[in-house]
Amino acid sequence: MGIEEYGGGQGSGADILVVTTNDVPGHQVRQVIGEVFGLTVRSRHLGSQIGAGLKSMIGGELKGLTKTLVETRNQAMDRLVEQARARGANAVLMMRFDVTEAADIGTEVCAYGTAVVISAIEMYET
């Protein structure tokens, strides 16, 4: 797996800015829309579970599961962005992930944050 398969997040030029901070330097929150989230539940296929079981006996990274979790988080974040866009936001502040085992059949991943409308702060020379 290449490095691009281990990461996530937004690419450059995204129309909805997603940050984990309370604010965006140089910008002012004009409107708070409210909480938004993106949710997905993924199950592991039998081959993945058997491979993970064998690998856990030897030790080391479970690359297949790592790739699946990255894909799952990216899907949850895509859904978060879709919801923010549909509600008229141009940014999501305080984005977080919550990961939970779902009834022993899969993993629930929720990306959540606060949808807002921000604008650049105009600087005037005096």
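Everything discussed here concerns the structure shown above.
All of these numbers come straight from a predicted model, not from anything done at the bench. Each chain carries its own residue numbering, running from 1 in the direction its sequence is written. Per-residue local features are limited, in this predicted model, to residues with pLDDT of at least 70; the limit for side-chain atom pairs, both in listing and counting, is 80 or more; totals at the level of whole chains, interfaces and linings are taken over all residues. Only hydrogens and water are removed before side-chain values are computed, so all heavy atoms of the structure are retained for them.

Novice: An account of the sheet that holds strand 1 (residues 17-18) is needed here, citing residue identities and associated values.
Specialist: Whether two strands pair comes down to DSSP finding at least two bridges between them. A run of DSSP states H or I qualifies as a helix once it reaches four residues; a run of E qualifies as a strand once it reaches two. Both are numbered from the N-terminal end. A sheet is described by the order of its strands in space; here four strands give the open sequence 1-3-4-2, paired in mixed fashion. Edge strands, defined here as strands with exactly one partner in the open sheet, are strand 1 and strand 2 (27-42). By the bridge criterion, two bridges tie strand 1 to strand 3 (residues 91-102) in an arrangement that is parallel. From the neighbouring strand, L17 faces strand 3, where its bridge partner is A91.

Novice: Go over the environment of Q28, please, and point to the residues and values.
Specialist: On the secondary structure map, Q28 appears in strand 2. Between the C-alpha atoms of Q28 and I121, which are 93 residues apart in sequence, the distance is 6.1 Å. The contact partners of Q28, leaving out residues within four places of it in the chain, are V117, I118, S119 and I121. For the purposes of these results, a polar contact is taken to be a pair of N or O atoms within 3.5 Å, where, inside protein, one atom must be able to donate a hydrogen and its partner to accept one; residues adjacent in sequence count only when each atom of the pair is a side-chain atom. Separated by 3.0 Å, the side chains of Q28 and R30 make a polar contact. We call two residues in contact when some of their heavy atoms are within 4.5 Å.

Novice: How would you sum up the nonpolar core? Please name residues and give values.
Specialist: Joining through side-chain atoms within 4.5 Å is the link that ties buried Ala, Val, Leu, Ile, Met, Phe, Trp, Tyr and Cys residues into a set, and such a set is a nonpolar core. Accessible area is worked out with a 1.4 Å probe on protein chains only. A residue is then buried under 20% of its type maximum, exposed over 50%, and partly exposed in between. With 15 residues, the main nonpolar core has V18, L80, A84 and V92 as its most contacted residues. Mapped by element, the contributors of at least two residues to this core are strand 2, helix 2 (63-86), strand 3 and strand 4 (106-120). The element contributing the most residues to this core is helix 2, with five residues. Among residues more than four places away in sequence, those in contact with L80 are V18, V36, F37, G38, V92, M95, A111, Y112 and G113. Of all hydrophobic cores here, the second largest spans six residues; its members include V24, A91, L93 and V116.

Function cannot be inferred from these measures alone, as they are strictly geometric.
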